[in-house]
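Residue strings, one per chain:
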Amino acid sequence: MERFQRQIILPGIGTSGQQKLKSSSVLVVGAGGLGCAVLPYLVAAGVGRIGLVDGDRVEESNLHRQVLYNENSIGSLKVDSAQQVLQRMNSTTQLEIVPEYLSAENVDNLIEHYDLIIDATDNLEVRYTLDEACCSWKKPMIYGSIFRFQGQVSVFNYKGGPSYSSLFPKEDKAVLNCEEAGVLGTTVGITGMLQANEALKIILGIGEVLSGKILIYNMLKNDQQIFELAIQEEQTSKKATSPTIDLISPEVAFEAGGLLLDVRELGEKPVIAWENSIQIPLSVLEHRLDELSKKVKIYVFCQAGTRAMSAAKILKEADFLQVKAVRGGASDILKLIQIEVNSIEKQD
Amino acid sequence: MITINYFGNIAEAAQSDSETLEQTSMSLAELLDLLDSKYAIGKFPFQVAVNRKIVSKQQALNISDSDEVALLPPFAGG
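The name an unreviewed UniProt entry gives chain B is Molybdopterin synthase subunit MoaD, with Algoriphagus antarcticus as the organism.

By the naming in an unreviewed UniProt entry, chain A is Molybdopterin-synthase adenylyltransferase, taken from Algoriphagus antarcticus. Recorded under Sequence similarities (unreviewed entry), the UniProt text for chain A is reproduced unchanged: "Belongs to the HesA/MoeB/ThiF family." In its Subunit (unreviewed entry) section, the UniProt record describing chain A reads: "Homodimer. Forms a stable heterotetrameric complex of 2 MoeB and 2 MoaD during adenylation of MoaD."

A. Region of the structure containing the sheet that holds strand S12 (residues 298-301) of chain A. Residues and elements named next belong to chain A. Within the open sheet, the five strands sit side by side as S9-S13-S12-S10-S11. Their pairing is parallel. Both outer strands of the open sheet, strand S9 (247-248) and strand S11 (277-279), are each paired with one neighbouring strand and no more. Bridge count between strand S10 (residues 259-262) and S12: four bridges; the pairing is parallel. Its bridge partner being in S12, Asp262 is matched across the sheet by Phe301. Each of S9, S10, S12 and strand S13 (323-326) touches helix H13 (residues 306-317); the most contacted strand, S13, lies at about 175° to it.

B. How the structure looks around the interface of chain A and chain B. Contacts between the two partners involve 39 residues from chain A and, on the opposite side, 25 residues from chain B. Together, the buried faces of chain A and chain B total about 2500 Å²; carbon and sulfur atoms form 56% of this surface. Between chain A and chain B we count two salt bridges in total. The salt bridge involving Glu12 of chain B is made with Arg148 of chain A; its shortest N-O contact spans 2.3 Å. Counting the contacts that link chain A with chain B gives 16 residue pairs in polar contact (both at pLDDT 80 or more).

C. Examining helix H2 (residues 28-39) of chain B more closely. Residue and element names in this part refer to chain B. The end-to-end C-alpha separation of H2 is 16 Å, in line with the 16 Å expected for twelve residues at 1.5 Å each. Restricting attention to buried positions, one finds in H2 the residues Leu28, Leu31, Leu32, Leu35 and Tyr39. One face of H2 carries all of its buried residues, which in axial projection span an arc of 95°. Seen from the open side of H2, the exposed residues pointing more than 90 degrees away from its buried face are Asp33 and Ser37.

D. Just the environment of Asn62 of chain A, in detail. Residue and element names in this part refer to chain A. Mapped onto the elements, Asn62 comes out in the loop between strand S2 (49-53) and helix H4 (78-89). Along the backbone, Asn62 and Leu95 are 33 residues apart, and their C-alpha atoms lie at a distance of 22 Å. Excluding residues that lie within four positions of it along the chain, Asn62 makes contacts with Arg57 and Lys78. Reaching out from Asn62, the side chain makes a polar contact with the backbone nitrogen of Glu59 at a distance of 2.7 Å.

E. Broad picture of the domain arrangement of chain A. All names here are of chain A. Here chain A is partitioned into domain 1 (2-228) and domain 2 (247-347). In this structure, domain 1 and domain 2 have C-alpha centres spaced 34 Å apart. Between domain 1 and domain 2, the residue contacts involve twelve residues of the former and eight residues of the latter. On the domain 1 side of the interface with domain 2, the three residues burying the most area are Asp108, Ser136 and Trp137, jointly 47% of the side's total. Scanning the region where domain 1 abuts domain 2 turns up one salt bridge. In this structure, Glu112 engages Arg327 in a salt bridge whose closest nitrogen and oxygen atoms are separated by 3.0 Å.

Conventions and cut-offs
- Residues numbered from 1 in each chain as written.
- Chains lettered and ligands numbered in written order.
- Predicted model: local features only at pLDDT ≥ 70, side-chain atom pairs only at ≥ 80, totals over all residues.
- Heavy atoms only, no water.
- UniProt positions renumbered as here; feature names shortened; annotations may be inferred.
- Pairing = 2+ DSSP bridges.
- Helix = DSSP H or I, 4+ residues; strand = E, 2+ residues; numbered from the N terminus.
- Contact = heavy atoms within 4.5 Å.
- Axes fitted to C-alpha atoms, helices over the stretch in contact; angles between N-to-C directions.
- Buried area = accessible area lost by both parts, 1.4 Å probe.
- Salt bridge = Lys/Arg side-chain N within 4 Å of Asp/Glu carboxyl O.
- Polar contact = N/O pair within 3.5 Å; in protein donor to acceptor, adjacent residues only side chain to side chain.
- Expected span 1.5 Å × (residues − 1).
- Buried < 20%, exposed > 50% of the residue type's maximum accessible area, 1.4 Å probe, protein only.
- Arc of directions from axis to C-beta.
- Domains from an automatic or database assignment.

Structure representation (C-alpha cells):
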C-alpha cells in the first residue's frame, strides 16, 4: 500500500477507497490518443482489472499524441505495445487485451464483465453500438471526444441517467475524426485525463459525476462550460420500473426446450429454420405479441444479443414472465441446431 | 442582445466562437432559421442549449434579451 500512500491520505479515499480501486474493473474501448491518456492513470491509481479493445496497429502518424507508443512500436498491435508499457507501470494490474475492433457482434461479450466502460473511440458508429449495449447492460459509459482544439466529456447511462443517443440521436450527417480534422496531443491528453478522473470519482464515490451534463473544454481559451441535459420524464420513469432480464448461453437455451424467438429483421443471415423457432422482428414485436404464448418458455436471440435484451424487456413488460435473452446470437444457435440434426440422423 | 456560442465544426462554419445579435426577442425556431440562412448549420448534427440547458430544437421557446444560446455538435476525434 506504500505506493498508494499519497492518494490514500486524501479525504474521501483512505484504505477503503484503495480497496475499491483494487476490486474495480474498467474496459477502455480504443487505444488511440484518448486511451493513451486514460490508461496510465487508471493503472497507476491501482484499478484492479483493465480491459483494452482495439484492432489498430501503431503508425508513425500516431506518435505525436499516442504517448504510450514509441518508434519501435510502429507496426505492432496497439494493445500489445500498450500492455507492455502498462504492465511495467504496475505489475499487479490485471490487463486484458482484445486485438479486435468493437462491433455489434462482440460488444456484449466485451462489456459484460466490467463495471465501467470508457469510450475512447474515434468513430460514431462504434460509439452508438457501445452506447446501446451499455444501456442494455446498465453500465456507465464515460464518453470523451475531440474536435481540433476542443474536447467533450460526459458520463452516460449512470444510475439511470441519459444515454449518448438521447443527447445526440443518430443522424446521417458528417462528423470529422482526428485524421480528417487534425489534432494536438495535449487536446486528447486533457480530454482523456478528464475521462480517467470521472472513472476514479465513480469508483471512489467522490465528487460530482458528469452525468446528465456535458462538459466542453476549449484548449485555446482555457474555457470550460458545462451544459445540462434535459431530463426526459418518460424515459426516467420507464427506467425506474424496467424489469431485469436473465441472460443465458445459447447451449442452456437450446437444451431447455422452449421456444426460440428470433427478433432479427427479415433477411438477416444466417437464416434459422427449426421446428421450435419463430421469427418476429424487434421492430414489429409489440404489434405481434398475440402470436406468442405466455405459458411456454421463450428464449430471445438476435445477431449479437443487444436486440434480444430489448425484445425480452418488451415481453417482460407485457407479462411474458418465462422470457430470457440469449447471449451471442444466431450463428451459435445454428451450430447447435446442426449438431442436433446430425445426432438425429445418426440415430435413424 | 442575444449571445450565440458556437462549438466544434459549427464554430468553423460561423468562423467565430461567439457572436451577439441585436434582437432582443425571437423564437428559437426563428433564431435557428436565421443561423441556417447565415451559416447553413442544418447540415450539421447538433443540440441547442439556452442558458446552459439543452432544449429541444422543436420546443416553442422564446429567446430574449441577455439569453445565451449555444450550438453543440457531437465530436468524433479521439
